[in-house]
Structures are given as structure tokens and as C-alpha cells.
Amino acid sequence: MTEIGGPTVPQQRKLVTAIPGPGSLERLDRKKAYVADGVGTTLPVFVVAAGGGVLVDVDGNSLIDLGSGIAVTTVGNAAPRVVARATEQLAAFTHTCFMVTPYDGYVDVAAKLAELTPGDHAKKSALFNSGAEAVENAVKIARVATGRDAVAVFDHAYHGRTNLTMAMTAKNMPYKNGFGPFAGEVYRAPMSYPLRDGLSGAEAAARAIDVLEKQVGAANLACVVIEPIQGEGGFVVPAPGFLPAIADWCRANGVLFVSDEIQAGFCRTGAWFAVDEESVVPDLITTAKGIAGGLPLAAVTGRAEVMDAVHAGGLGGTYGGNPVACAAALGAIEEMETGDLAGRARDIGALMRARLDALKDAHPVIAEVRGRGAMMAIELTTPGTLEPDAARTARVAAYCHSQGVVVLTCGTWGNVFRFLPPLSISDELLEEAFDVVAEAFSATA
Ligand code: PLZ
């Protein structure tokens with residue numbers, strides 16, 4: 001069995017037991033005994049190694065990874081530069097707390113973020129541990145910078161599981177149910193969802209702006225927080241023109257435009273950031289996931305004068321910008337730059353779109369293929385209607401899992417497949433994975 005991860009893992013799908021195998025089932029019993037039931041598992045194979053486009057489990061099965069641990073291992077699992085830099089940092093020192101005694105890695109990551117994020121204005125960053133924490137801090141910063149309280153989010157949004165971000169997240173089950181009361185001053189506007197509303201970007205923006213003006217009041221709004229392509233909510237891609245119109249309205253009304261690129265950022269969509277597609281320049285941008293190749297790191301990056309509105313000591317946390325996570329991020333960014341991973345994401349996107357378009361032609365249960373780059377999805381409905389088909393989605397997913405292909409679902413109605421392969425996956429493995437997906441649709445018809 002492969003003991004070491006990264007590119008040395010044989011790039012193959014190989015099943016030697018049923019999925020999950022006996023070793024995983026045994027461990028699942030242990031998980032059941034010791035891990036809280038609230039912590040769910042999509043596919044209970046226990047992993048011992050991963051790299052390229054493959055996960056290896058305790059039973060010696062090799063599975064093709066179309067999920068990247070939810071868009072995290074964009075540069076691949078145990079990517080060489082991530083491992084080298086993080087290992088060197090681990091041996092040097094593991095922690096000082098940046099607020100107590102600083103170190104270069106944190107500042108280096110902030111400098112890289114200033115260089116790579118949209119806009120050529122002066123930018124600064126603050127680093128955190130998780131996406132939710134970054135979103136919370138973006139709101140804190142926006143409130144201080146504007147002197148306003150209200151926060152606008154959208155239908156189908158996902159921003160995290162902490163108290164404020166639960167309020168910002170749209171879907172009740174499983175994220176919010178029973179966990180209230182939630183933070184106040186969070187308002188929800190209708191999202192542009194072309195499959196379901198048939199509106200142009202301009203029309204959908206006018207609808208959202210009308211809700212914000214009439215129900216909140218522009219003068220009360222500190223910020224609008226939006227995922228440029230929604231993640232958990234169903235990979236909803238707003239109609240062209242929607243994001244620029246919202247951003248223009250924000251600018252005209254002194255409302256900060258916050259792009260939550262925690263899932264879509266860092267080359268995933270074929271550009272450094274998803275808003276780059278429409279040349280939107282956010283005031284603040286939140287990043288996490290793909291930034292550090294699997295280590296926990298998140299950031300808020302924004303206009304220097306906005307970021308600096310917060311009083312000294314107002315931002316921080318014990319572990320935010322941990323030195324090992326920063327070293328990993330510098331390694332991951334180097335992989336993205338030297339390997340032109342944005343270009344690779346576009347190629348992967350073209351391959352996936354071709355396979356998914358063909359699948360849609362063969363299976364009318366697929367209402368739409370959407371997404372960009374290595375962030376593609378299909379939405380399943382009863383043919384000829386917009387009635388979500390979550391049951392079929394679950395059956396197709398179960399089939400893929402049983403055949404050693406890790407697929408993830410999402411969407412407000414649980415009827416969307418999202419495909420998020422690591423950008424280190426080969427075309428051969430991708431083609432094989434989509435052969436299995438195609439088989440899954442036929443087998444469950
Ligand atoms: N904003 C756009 O996608 C995390 C959540 C998985 P954290 N998405 C995966 C789950 O079920 O918990 C996410 C996101 C967007 C914020 C977050 C939150 O990031 O690092 O999970 O806190």
C-alpha cells in the first residue's frame with residue numbers, strides 16, 4: 001500500500017474491496033463511538049494517502065477525486081512545494097502568534113494577496129483560520145469602515161457555520177436548524193439564477209437592488225457579501241452583468257462590495273479570482289480553501305483605507321496566519337504561478353463541459369450544465385420542469401462512490417452535482433471518472 005502522498009501515488013482507479021471496504025467499516029464503528037454524530041461524512045473511506053487526482057484508502061482502494069476536499073486541494077494533495085515549504089517551517093518554528101512576535105511568512109502571504117487580487121489600488125490583508133472567520137471579519141471591517149450595521153446577502157448563499165455566518169447562509173438544513181437565535185441586521189436579496197428566473201443580469205440586479213432599497217435602505221448598508229459563483233448553494237452562476245451592476249450600485253451608495261471567493265478563488269474558475277471574469281473590483285475579498293493546499297488559512301484582503309479603518313488590536317486571533325499554514329500558502333501560490341494552474345483549470349473546464357453536455361443530451365433529467373473552469377455542475381430536475389430531483393441525485397452519487405469516484409452534491413434542494421477536481425489530475429483520470437458518471441446515469445435511469 002502506498003504510504004506517501006503527493007505525486008508518488010499511482011494515478012489509477014483501483015478497487016480491491018467493496019466501497020467502503022472492511023478496514024473502513026471497522027473504523028467507521030470507531031468514528032461512531034467517539035466522534036459526534038453531527039459531524040457527517042459523504043463517503044466513509046478512511047484515507048491514508050492522496051495526490052495527483054487520487055485518494056488511497058486503508059483497504060488499498062484508489063479512488064478518483066472530483067471534490068478536492070471541497071475545493072481545497074486545488075494544487076493537488078501533498079503538492080511538492082506545499083510539503084517542502086511547510087516541512088521546513090515546521091522544523092524551524094511552529095507558532096509564535098503573529099500578534100505577539102511577527103514573522104515573514106504572514107507578511108509574504110499578505111504581499112502576494114495584494115499582488116494577485118483584483119484592482120491596482122493599495123491593498124492590505126488580515127489572516128485567519130477558516131472561511132467563516134474571514135467572512136465574519138470582513139463584516140466587522142465593513143461596519144467600522146462605513147459606520148453602518150446592515151449586511152446584505154443572497155438567496156442560496158453559503159458563508160459559514162459560525163453565528164454571524166449562519167445568519168448569512170441561506171439553507172436551514174443542515175446548517176442552521178435549531179442553532180438560533182442568529183445574528184441580526186442580515187438581509188437577503190434575490191440572486192440571479194438564470195435557469196430558474198430567466199432574467200438577464202441587468203434585470204436580476206434591478207430586482208435585488210429594489211429589495212435592498214425598499215427593505216433595508218442603502219444608507220443603512222455596510223456591505224453586500226456575494227459569492228461570484230455560489231458554492232454550497234448549487235454552483236449558481238449569475239447572468240452576465242449581474243455582478244458589475246451590483247458592484248456599481250454599491251459604489252454609488254457607499255456600500256462595500258465583498259466578494260466571497262472562499263470556494264471560487266485561487267485559479268479554480270480559470271482565473272485567479274472569479275470576479276476577474278467580469279472585471280469587477282471588490283472593496284474586500286475573502287479567501288480560504290485553495291489558498292494553502294490543505295492547511296487551514298483564510299484571509300480578508302481589501303482597500304488599504306478600508307482595512308485600516310479598524311482600531312489597533314481590533315483584528316486577530318491566536319492562530320490566524322499560522323507560520324506553517326503561511327508557508328504552505330506560499331508553496332501553493334508558487335505551484336499556481338509556475339504551473340499556470342489557471343490555464344489548467346480552463347482546460348479541465350473544457351473537458352468537463354464537453355462530457356457534461358453529452359451527458360445532458362442523453363439524460364433529460366439534467367436541466368443545466370453550468371460553471372466555469374474546474375468548478376462545473378449539473379442540476380437535476382424532473383424532465384421538462386424545474387422540480388428538483390434530489391432522489392436521483394443521491395442514487396447517481398451512491399453509484400459513483402461505489403465505483404471509486406468521489407463526487408460531491410450541493411444546492412438548496414440537494415439536486416446539483418458539483419465537480420471540483422484538483423488541478424493536478426490527469427486528463428486520463430478525468431475521462432475515466434466521467435465514464436463512471438455516465439454509467440451511473442444509465443444505471444439509475
Ligand atoms: N464561504 C463561499 O464555500 C465553505 C463548507 C462545508 P469554512 N464551504 C464548504 C461545510 O459543510 O461546512 C465556505 C464557502 C464560502 C465561506 C465558507 C466557509 O468556510 O472554512 O468552512 O469556514
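It should be noted that the structure appears before, not after, this text.
Below is a short write-up of the structure. Note that this is a predicted model, so its numbers are computed, not measured.

The rules we used
- Residues numbered from 1 in each chain as written.
- Predicted model: local features only at pLDDT ≥ 70, side-chain atom pairs only at ≥ 80, totals over all residues.
- Heavy atoms only, no water.
- Near = heavy atom within 4 Å.
- Polar contact = N/O pair within 3.5 Å; in protein donor to acceptor, adjacent residues only side chain to side chain.
- Areas by Shrake-Rupley, 256 points an atom, 1.4 Å probe, with all protein chains shown as cover.
- Nonpolar A, V, L, I, M, F, W, Y, C, P; charged D, E, K, R; others polar.
- Salt bridge = Lys/Arg side-chain N within 4 Å of Asp/Glu carboxyl O.
- Helix = DSSP H or I, 4+ residues; strand = E, 2+ residues; numbered from the N terminus.
- Buried < 20%, exposed > 50% of the residue type's maximum accessible area, 1.4 Å probe, protein only.
- Contact = heavy atoms within 4.5 Å.

Now for the site of the ligand. In the vicinity of the ligand lie 15 residues, with G131, A132, R161, D260 and Q263 positioned nearest. In this structure, R161 approaches the ligand through a side-chain N or O atom, which is 2.7 Å from an oxygen atom. Burial of the ligand by the surrounding chains reaches 82%, relative to a free accessible area of 510 Å². Class assignment for the residues of the shell around the ligand results in five nonpolar, five polar and five charged.

A few words on the pattern of salt bridges. Enumeration according to the criterion identifies 20 salt bridges in this entry. Between R81 and E334 there is a salt bridge whose closest N-O contact spans 3.0 Å. Here E334 lies in helix α11 (residues 323–338) and R81 lies in helix α3 (residues 80–92), a separation of 253 residues in the sequence. Each of R81, R85, E334 and E335 takes part in salt bridges that share partners, so that together they form one network.

Locating Y103 in the fold gives a position in the loop between α3 and α4 (104–116). Exposure remark for Y103: the relative accessible area of 10% places this residue in the buried category. Measuring from C-alpha to C-alpha, the distance between Y103 and P323 comes to 7.6 Å, with 220 residues separating the pair along the chain. Setting aside its immediate chain neighbours within four residues, Y103 contacts F93, T96, C97, F98, G320, G321, N322 and P323. Within the structure, the side chain of Y103 is placed 2.4 Å from the backbone oxygen of G321, a separation counted as a polar contact.

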